[in-house]
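Okay, here's what each chain looks like letter by letter:
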Amino acid sequence: GQSLEQPSEVTAVEGAIVQINCTYQTSGFYGLSWYQQHDGGAPTFLSYNALDGLEETGRFSSFLSRSDSYGYLLLQELQMKDSASYFCAVKSGYSTLTFGKGTMLLVSP
Amino acid sequence: GAGVSQSPSNKVTEKGKDVELRCDPISGHTALYWYRQRLGQGLEFLIYFQGNSAPDKSGLPSDRFSAERTGESVSTLTIQRTQQEDSAVYLCASSSGDGYTFGSGTRLTVV
């Protein structure tokens, strides 16, 4: 079976840096994705890591270590609009994603 | 269209009634997925369509749930004899590569 673990909630202040960790156990692995979901909205794609290392996209970066079955999402220069839920998701089959339960990020002034 | 479109956006139904949810994927996206999200929870995979291949139905929770897709176009998810535990947001996504594009979902409330 598949299982993903991520913290349920993280709090931070504007301008800070926050890291959201994700560990996974899957029967197959093609890559790790991150999605952002604002309250009541649709999940939106942030990043995808198929190989070990850091991928940077603006203020957001994502890291993967396949040997440790571990990844993280790093958010820099936090803004109030970054308050949302963040989901890690593993691509373990040809195309289907298995999602974690999500981390709620609360950014305060 | 520009995005994934789902209808209705909200549906309130009585327990025991059937409901049909619709998803219009992005034109050209061969893959289409249905997920369910209960309040405060993660996304639970339901079913996956890829082109004209047989769908992956491994996530459907019971035989009350079924879905169809004609070619690479619209998909409908049908829930028969709805139960209160079916209350959730049903999300559709389409994909042509590594990232999914989700619709805004249908919020189903069974009373």
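Here we summarise the structure given alongside this text. Because the structure is predicted, anything quoted here is derived from the model rather than measured. (Residues numbered from 1 in each chain as written. Chains lettered and ligands numbered in written order. Predicted model: local features only at pLDDT ≥ 70, side-chain atom pairs only at ≥ 80, totals over all residues. Heavy atoms only, no water.)

1. Points about the environment of N49 of chain A
Residue and element names in this part refer to chain A.
Now for step 1: Mapped onto the fold, N49 is located in strand β5 (residues 44-49).
Now for step 2: Taking the relative accessible area as the measure of exposure, N49 reaches 1% and is therefore buried.
Now for step 3: Measuring from C-alpha to C-alpha, the distance between N49 and M104 comes to 21 Å, with 55 residues separating the pair along the chain.
Now for step 4: A polar contact of 3.4 Å, which involves the side chain of N49, links it to the backbone oxygen of G53. (Helix = DSSP H or I, 4+ residues; strand = E, 2+ residues; numbered from the N terminus. Buried < 20%, exposed > 50% of the residue type's maximum accessible area, 1.4 Å probe, protein only. Polar contact = N/O pair within 3.5 Å; in protein donor to acceptor, adjacent residues only side chain to side chain.)

2. Looking at the sheet that holds strand β7 (residues 60-65) of chain A
All names here are of chain A.
Now for step 1: Strand order in this open sheet of 5 strands is β1-β3-β8-β7-β6, and the pairing throughout is antiparallel. Looking along the sheet, the strands with just one partner apiece sit at the ends: β1 (3-5) and β6 (53-57). Shown here is a sheet whose adjacent strand axes are inclined to one another by a mean of 20 degrees, direction ignored.
Now for step 2: Note: strand β3 (residues 18-25) against strand β8 (residues 70-75), 6 bridges, orientation antiparallel. Counted as the bridge partner of C22 is G71 from β8. (Pairing = 2+ DSSP bridges. Axes fitted to C-alpha atoms, helices over the stretch in contact; angles between N-to-C directions.)

3. With respect to the interface of chain B and chain A
Now for step 1: Contact with chain B, which involves 17 residues of that partner, is made by 16 residues of chain A.
Now for step 2: Around 1,400 Å² of area is buried between chain B and chain A when both sides are counted, 54% of it from carbon and sulfur atoms.
Now for step 3: It is L43, D98 and Y100 of chain B that lose the most area in chain B upon contact with chain A, and together they represent 37% of the buried surface on that side.
Now for step 4: Taken together, the links from chain B to chain A amount to 0 salt bridges.
Now for step 5: Broken down by secondary-structure element, the contributors of at least two residues to the side of chain B that touches chain A are β4 (31-37), β5 (43-50) and β9 (100-102) of chain B.
Now for step 6: It is β5 of chain B that provides the largest number of residues to the side of chain B that touches chain A, a total of 4 residues.
Now for step 7: For the side of chain B that touches chain A, a count of residues per class yields 8 nonpolar, 7 polar and 2 charged. (Contact = heavy atoms within 4.5 Å. Buried area = accessible area lost by both parts, 1.4 Å probe. Salt bridge = Lys/Arg side-chain N within 4 Å of Asp/Glu carboxyl O. Nonpolar A, V, L, I, M, F, W, Y, C, P; charged D, E, K, R; others polar.)

4. Remarks on the state of the cysteines
Residue and element names in this part refer to chain A.
Now for step 1: Enumeration according to the criterion identifies 2 disulfides over all chains in this entry.
Now for step 2: The side chain of C22 participates in a disulfide bridge whose partner is C88; the two sulfur atoms lie 2.1 Å from each other. The S-S bond linking C22 to C88 shows a torsion near 75 degrees; that makes this disulfide right-handed. Within this pair, whereas C22 is found in strand β3, its partner C88 is found in strand β9 (residues 84-91), the two being separated by 66 residues in sequence. Neither residue differs from the other here; C22 and C88 are each classed as buried. (Disulfide = S-S within 2.5 Å.)

5. As for the side chain of R64 of chain B
Residues and elements named next belong to chain B.
Now for step 1: Here R64 lies in the loop between β5 and β6 (65-69).
Now for step 2: In terms of polar contacts, R64 uses its side chain to reach the side chain of D86, at 2.8 Å.
Now for step 3: Apart from residues no more than four positions distant in its own chain, R64 is found in contact with T78, I79, Q80, R81, T82, Q83 and D86.

6. Some words on the sheet that holds strand β3 (residues 19-24) of chain B
The strands that make up a sheet pair up through hydrogen bonds in the backbone, lying either parallel or antiparallel.
All names here are of chain B.
Now for step 1: With respect to topology, 4 strands assemble into an open sheet ordered β1-β3-β7-β6, the strand pairing being antiparallel. The open sheet has two edge strands, β1 (5-7) and β6, and neither has a second partner. Within this sheet the neighbouring strands show an average axis-to-axis angle of 15 degrees, counted without direction.
Now for step 2: Pairing analysis gives 3 bridges linking β1 to β3, with the strands arranged antiparallel. The partner of S5 across the bridge, within β3, is D24.

7. Brief notes about the pattern of salt bridges
All names here are of chain B.
Now for step 1: One pass over the structure, following the stated rule, counts 7 salt bridges over all chains.
Now for step 2: Of the charged contacts, one joins E14 and K17 as a salt bridge, the two residues approaching to 3.6 Å between their closest N and O atoms.
Now for step 3: E14 sits in the partly exposed class, given a relative accessible area of 49%.
Now for step 4: The salt bridge partner of E44 is R38, with a shortest N-O separation of 3.9 Å.
Now for step 5: Here R38 falls in the partly exposed class, since its relative accessible area comes to 32%.
Now for step 6: Taken together, the shared-partner salt bridges in this structure form one network comprising R36, R38 and E44.

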